[in-house]
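Architecture and fold: a report
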Amino acid sequence: MAEETLCPDCQTHFGSAATLARHRAAFHSPPPAAPAAAPSPPRSPASPPSSSLEIAPLLAVLSDEQKDVLLLRALQRAPELADVLLELAAAPLTAEAAAERVARGGGGAAAVRSFVEIGALPNGVCLATALTEAVVDALEELLQRMGAGGDAEGWEQSAELRAVEALPAAGTLSGLWGELLSKGEVLALAASEEIHSLLVSAEAASSAARKLVPAVLIGDDGLVPDFGASVALLEGASEEMAGQPQGKRRKK
């Protein structure tokens, strides 16, 4: 019986069965299965992140809401972090740092109230002072841009007006000071020539702006600027502590 030399896979004839066998082994046999890789051990949830992971870029791309969620989750897992958080929040705030926060838009009335709520009263007063300085300066620059009669050309689209609108309204600010100075401890901290003169300037700038552009003085809370009550509280506290009235003008 003749040897079968036809490849059943590709229908090719070969001269001998041995050649056919080598052909099929080379071209039609399935490759040997690779040995199964050993499963990697599961990573523990407590395993530290890679040492090459850069935290700063990650934080830079997170939104404020995502950072809040991250902080809350961290506090849930490690409640002792609350003490660290409080320590950081209550660290003394310098005038320069407060002014920088205001310039970045992170020094509004809510931040002032938060400082007071956690007991960091000096920080609250410092931030309120920086906020008031920014508002007074912005109002004075807007008034100068508008001219004596408010008829200077183009002030409605000016950078000075945008600067005023980017800050809390003077009415909101006067309400904040009234709220702060109603607390005896805050009043004692704020009873200084610098803050008294600043609030006198705030009242003067608000009064001048009220004649020309009153709309910018009132915020969403509807409060009308009235720094007079706060000025009177400071004068009374200063007279009680020092036995003499405070000066009436803000030093530039």
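Residues numbered from 1 in each chain as written. Predicted model: local features only at pLDDT ≥ 70, side-chain atom pairs only at ≥ 80, totals over all residues. Heavy atoms only, no water.

1. Observations regarding the overall build of the protein
Scanning the protein for helices and strands turns up 12 helices and 0 strands. Beginning at the N terminus, the succession of helices and strands in the protein can be written as α-α-α-α-α-α-α-α-α-α-α-α. When each of the 252 residues of the protein is scored for burial, the buried share is 31%. Long-range pairs, those at least 24 residues apart, make up 64% of the contacts in the protein with a sequence separation of at least 6. Within the structure as shown, the protein displays about 16100 Å² of accessible surface, and the carbon and sulfur contribution to it stands at 58%. (Helix = DSSP H or I, 4+ residues; strand = E, 2+ residues; numbered from the N terminus. Buried < 20%, exposed > 50% of the residue type's maximum accessible area, 1.4 Å probe, protein only. Contact = heavy atoms within 4.5 Å. Areas by Shrake-Rupley, 256 points an atom, 1.4 Å probe, with all protein chains shown as cover.)

2. Describing the packing of helix α5 (residues 95-104) against helix α7 (residues 121-146)
One can describe the packing of α5 onto α7 by two numbers: an axis separation of 9 Å at closest approach and a directional angle of 55°. Taken as axis vectors, α5 and α7 run oblique relative to one another. In this structure, the crossing between α5 and α7 has a hand that is right-handed. Residue-level contacts link Ala-95, Ala-98, Ala-99, Arg-101 and Val-102 of α5 to Cys-126, Leu-127, Ala-130, Leu-131 and Ala-134 of α7. Taken together, the residues of the contact of α5 with α7 sort by class into 9 nonpolar, no polar and 1 charged. (Axes fitted to C-alpha atoms, helices over the stretch in contact; angles between N-to-C directions. Parallel < 35°, antiparallel > 145°, perpendicular 65-115°, else oblique. Left-handed = near helix turned anticlockwise from the far one by under 90°. Nonpolar A, V, L, I, M, F, W, Y, C, P; charged D, E, K, R; others polar.)

3. Description of the side chain of Ser-158
Take Ser-158: it is sitting in the loop between α7 and α8 (159-166). The exposure class of Ser-158 is buried, given its relative accessible area of 5%. A polar atom in the side chain of Ser-158 sits 2.7 Å from the backbone oxygen of Trp-155. In contact with Ser-158, not counting residues within four places along its chain, are Leu-142 and Arg-145. (Polar contact = N/O pair within 3.5 Å; in protein donor to acceptor, adjacent residues only side chain to side chain.)

4. What about the packing of α7 against helix α9 (residues 170-181)?
At a minimum axis distance of 11 Å, the contact between α7 and α9 shows a crossing angle of 155°. By the angle class used here, α7 and α9 are roughly antiparallel. Seen along the crossing, α7 lies across α9 with a hand that is left-handed. When α7 is examined against α9, the residues Val-125, Ala-128, Thr-129, Leu-131, Thr-132, Val-135 and Leu-139 are found in contact with a partner set consisting of Ala-170, Leu-173, Trp-177 and Leu-180.

5. Brief notes about α7
The terminal C-alpha atoms of α7, which comprises 26 residues, lie 37 Å apart, in line with the 38 Å expected from a rise of 1.5 Å per residue. Downstream of α7 by one or two residues, Gly-147 has phi in the positive range, about 90°. (Expected span 1.5 Å × (residues − 1).)

6. Topic: the confidence of the model for the protein
Low-pLDDT stretches of the model should not have their predicted coordinates read in fine detail. Looking at the protein as a whole, the pLDDT averages 82, with 77% of positions reaching at least 70. Taken together, the stretch residues 245-252 has pLDDT below 50 and engages in 23 contacts with residues farther than four places along the chain or on a different chain. (pLDDT = per-residue confidence, 0-100.)

7. A short note on helix α11 (residues 193-212)
With 20 residues, α11 extends 29 Å from end C-alpha to end C-alpha; this agrees with the ideal 28 Å at 1.5 Å per step. Ile-195, His-196, Ser-197, Leu-198, Leu-199, Ser-201, Ala-202, Ala-205, Ser-206 and Ala-209 are the residues of α11 that are buried.

8. Considering the environment of Thr-132
Inspection of the secondary structure puts Thr-132 in helix α7. Given a relative accessible area of 0%, Thr-132 falls into the buried group. For the pair Thr-132 and Ala-170, spaced 38 residues apart in the sequence, the C-alpha separation amounts to 8.4 Å.

9. Digging into the pattern of salt bridges
For the structure on display, the rule yields 3 salt bridges. When the shortest N-O distance is used, the salt bridge between Glu-160 and Arg-145 registers 4.0 Å. Note that Glu-160 is positioned in helix α8 and Arg-145 in helix α7, a separation of 15 residues in sequence. Classification of Glu-160 as partly exposed rests on a relative accessible area of 25%. (Salt bridge = Lys/Arg side-chain N within 4 Å of Asp/Glu carboxyl O.)

10. Section: the nonpolar core
Residues Leu-127, Leu-139, Trp-177, Leu-180 and Leu-199 are the most contacted members of the largest nonpolar core, which totals 50 residues. Of all the elements in the fold, those that place two or more residues in this core are α5, α6 (109-117), α7, α8, α9, α10 (184-190), α11 and α12 (228-242). Ranked by residue count, the leading element in this core is α7, at 14 residues. Filtering out sequence-adjacent residues up to four positions away, Leu-199 remains in contact with Thr-132, Trp-177, Leu-181, Phe-227, Ser-230, Val-231 and Leu-234. (Core = buried A, V, L, I, M, F, W, Y, C linked by side-chain atoms within 4.5 Å.)

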